[in-house]
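Below, each chain spelled out in residue letters.
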Amino acid sequence: MASPRKGSILQTARAVAWAFLGVRKNSAYQQDLGRLNPLHVIVVALVAALLFVLALVGLVHWVVN
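> Mind showing me how you'd approach the side chain of Thr 12 here?
Among the secondary structure elements, Thr 12 is positioned in helix H1 (residues 9–21). With residues up to four places along the chain from it excluded, the contact list for Thr 12 reads Leu 36, His 40, Val 41 and Val 44.

> Is there a simple way to explain the layout of surface pockets in this structure?
Where empty space is left in the structure can be found by rolling a water-sized probe over the atoms. Its volume calculated, the largest pocket comes out at about 230 Å³. Lining the largest pocket we find twelve residues, and of these Ala 15, Tyr 29, Asp 32, Leu 36 and Val 41 sit closest to its centre. For the lining of the largest pocket, the per-class residue count stands at eight nonpolar, one polar and three charged.

> How do you make sense of the pattern of salt bridges when you look at a structure like this?
Here the idea is simple: oppositely charged side chains can pair when their charged atoms come close. Across all of its chains, the model carries one salt bridge by this definition. Note that Asp 32 and Arg 35 form a salt bridge whose closest N and O atoms lie 2.9 Å from each other. Within this pair, Asp 32 and its partner Arg 35 are both found in helix H2 (residues 26–35), separated by three residues, close to a single helical turn. Under the relative-accessibility criterion, Asp 32 is labelled buried at 9%.

> Explain the packing of H1 against helix H3 (residues 38–64) to me, please; I cannot follow it from the model alone.
Packed helix pairs are characterised by how far apart their axes lie and by the angle those axes make with each other. Contact geometry for H1 and H3: axes closest at 9 Å, N-to-C directions at 60 degrees. Between H1 and H3, the angle falls in the class oblique. Classified by chirality, the crossing of H3 by H1 is right-handed. Along the contact surface, H1 presents Ile 9, Thr 12, Ala 13, Val 16 and Phe 20, while H3 presents His 40, Val 41, Val 44, Ala 45, Ala 48 and Ala 49. For the contact of H1 with H3, a count of residues per class yields nine nonpolar, two polar and no charged.

Definitions and limits used
- Residues numbered from 1 in each chain as written.
- Predicted model: local features only at pLDDT ≥ 70, side-chain atom pairs only at ≥ 80, totals over all residues.
- Heavy atoms only, no water.
- Helix = DSSP H or I, 4+ residues; strand = E, 2+ residues; numbered from the N terminus.
- Contact = heavy atoms within 4.5 Å.
- 1 Å grid on protein atoms, 1.4 Å probe; cavity = no way out; pocket = protein on both sides within 12 Å on 5 of 7 lines; lining within 4 Å.
- Points joined across faces, edges and corners; volume = space filled by probe spheres on them.
- Nonpolar A, V, L, I, M, F, W, Y, C, P; charged D, E, K, R; others polar.
- Salt bridge = Lys/Arg side-chain N within 4 Å of Asp/Glu carboxyl O.
- Buried < 20%, exposed > 50% of the residue type's maximum accessible area, 1.4 Å probe, protein only.
- Axes fitted to C-alpha atoms, helices over the stretch in contact; angles between N-to-C directions.
- Parallel < 35°, antiparallel > 145°, perpendicular 65-115°, else oblique.
- Left-handed = near helix turned anticlockwise from the far one by under 90°.

None of the figures reported here should be taken as evidence of function without further support.
Right, here's the structure in full:
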């Protein structure tokens, strides 16, 4: 039986942020694979994408008005 993954939400958010930027060392990526919970990664990525879209909509609304 596999041991549960132990990664904090902050570590997950940091990994997702690096993924959004597209720059990540392979060694750090390999560490994240073993440490982070895939469900947490999905949830944090969806929240980050939503915040990004809302920020863009807000920016466009501010510039147009």
